[in-house]
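Next come the chains, spelled out residue by residue.
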Amino acid sequence: MAVLPGPSVERPTEPSPEGSPEDRVRAIVAAHRGERGALLPVLHSVKEELGYVDPAVIPVLAAELNLSRADVHGVVTFYEDFRQSPPGRRTVRICRAEACQAVGAADVAERARNRLGVSFGETTSDGEITLDQVFCLGNCATGPAVEVDGRLYGRVTPERLDALLTAEGADA
Ligand code: FES
């Protein structure tokens, strides 16, 4: 399936914080109306506003963007970035790309999975932490790189990861 992102256009989406997810998605699509290749920017906006792409809004996206449900579903499931269930209260993203792998990212990933009891893309049963893998956080020179709650950390060892997971908004 050839779905290319359209030109990067910063366009504020100002959907109402009120309303059903479907209404909010319609408002997001309206903000991107006329944009070429709008599906990806729309999905990013949906993720930003709702936290995830609820499967229930896929028919709305398809209808609003004049695409088939299968097309929308295909894109949502192709990109790991578009989770289909709510994320945990905290998010841990571990870089699995080559430069980080070369300096021990596999050990950090194993510690995270064992400690949290989840695989990548999953959330702990208490809904607290979502564990994701990413392929480069732009911090290749000081890997292994880990992002916790949007904050980037370098040279993360399994022990340092323990500290980051223990500390609420850790300043490690
Ligand atoms: S390879 Fe890990 S941050 Fe780039």
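What counts as what
Residues numbered from 1 in each chain as written. Predicted model: local features only at pLDDT ≥ 70, side-chain atom pairs only at ≥ 80, totals over all residues. Heavy atoms only, no water. Helix = DSSP H or I, 4+ residues; strand = E, 2+ residues; numbered from the N terminus. Buried < 20%, exposed > 50% of the residue type's maximum accessible area, 1.4 Å probe, protein only. Polar contact = N/O pair within 3.5 Å; in protein donor to acceptor, adjacent residues only side chain to side chain. Contact = heavy atoms within 4.5 Å. Pairing = 2+ DSSP bridges. Axes fitted to C-alpha atoms, helices over the stretch in contact; angles between N-to-C directions. Salt bridge = Lys/Arg side-chain N within 4 Å of Asp/Glu carboxyl O. UniProt positions renumbered as here; feature names shortened; annotations may be inferred.

## Some details on the environment of Thr166
And step 1. The topology assignment puts Thr166 in helix H7 (residues 158-166).
And step 2. Its relative accessible area of 57% is what places Thr166 among the exposed residues.
And step 3. At a separation of 3.0 Å, a polar atom in the side chain of Thr166 contacts the side chain of Arg115.
And step 4. Within the local environment of Thr166, its side chain forms a polar contact with the backbone oxygen of Asp162, the two atoms lying 2.8 Å apart.

## Brief notes about unusual backbone geometry
And step 1. Backbone torsion omega between Gly143 and Pro144 reads -5 degrees, so that peptide bond is classified as cis.
And step 2. With respect to the helices and strands, the residue Pro144 is situated in the loop between strand S3 (129-134) and strand S4 (146-148).
And step 3. The phi dihedral of Asp149 falls on the positive side, at around 50 degrees, and the residue is not glycine.
And step 4. As for its placement among the helices and strands, Asp149 is situated in the loop between S4 and strand S5 (151-153).
And step 5. Backbone geometry places Arg155, a non-glycine residue, at a positive phi of 50 degrees.
And step 6. Locating Arg155 in the fold gives a position in the loop between S5 and H7.

## Overview of helix H3 (residues 58-65)
And step 1. Buried within H3 we find Ile58, Val60, Leu61, Ala62 and Leu65.
And step 2. Check the buried side of H3 and you find it contacts helix H1 (21-31), helix H2 (39-50) and helix H4 (69-78).
And step 3. Two residues or fewer past H3, Asn66 is found with a positive phi of approximately 60 degrees.

## Some thoughts on the sheet that holds strand S1 (residues 90-95)
What holds strands together in a sheet is hydrogen bonding between their backbones, with the strands either parallel or antiparallel.
And step 1. Reading across the sheet, the 5 strands line up as S2-S3-S1-S4-S5 and stay open at both edges, with mixed pairing between neighbours. Both edges of this open sheet fall to strand S2 (122-123) and S5, since each of them pairs with a single strand only.
And step 2. Strand direction decides the pairing type here: S2 and S3, joined by 2 bridges, are antiparallel. Within S3, the position partnered with Glu122 by the bridge is Leu131.
And step 3. In this fold H7 packs onto S1, S3, S4 and S5, with an angle of close to 160 degrees to the strand it touches most, S1.

## Section: the pattern of salt bridges
And step 1. Scanning the model with the defined rule gives 12 salt bridges in all.
And step 2. Between Arg26 and Glu64 there is a salt bridge, and its shortest N-O distance comes to 3.7 Å. With Arg26 in helix H1 and Glu64 in helix H3, the pair connects residues that are 38 residues apart, well separated along the chain.
And step 3. Assessed through its relative accessible area of 36%, Arg26 is described here as partly exposed.
And step 4. Two residues, Arg111 and Asp162, come together in a salt bridge whose shortest N-O distance is 2.4 Å. Residue Arg111 is found in helix H6 (residues 105-116), and its partner Asp162 is found in helix H7; the two are separated by 51 residues along the sequence.
And step 5. On the basis of relative accessible area, Arg111 is assigned to the partly exposed category, the value being 28%.
And step 6. With a relative accessible area of 17%, Asp162 lands in the buried category.

## Examining the UniProt feature "binding site: [2Fe-2S] cluster" (unreviewed entry) in the protein chain
And step 1. Those residues carrying the UniProt feature "binding site: [2Fe-2S] cluster" (unreviewed entry) are Cys95, Cys100, Cys136 and Cys140 in this numbering. Spanning 46 residues, the annotated positions come together in the fold, the maximum distance between their C-alpha atoms being 9.1 Å.
And step 2. Tracing the backbone shows Cys100 in helix H5 (residues 98-101).
And step 3. Excluding residues that lie within four positions of it along the chain, Cys100 makes contacts with Cys95, Ala105, Gly143, Pro144 and Ala145.
And step 4. In this fold, Cys136 is placed in the loop between S3 and S4.
And step 5. Beyond its immediate chain neighbours, meaning those up to four positions away, Cys136 contacts Cys95 and Ala97.

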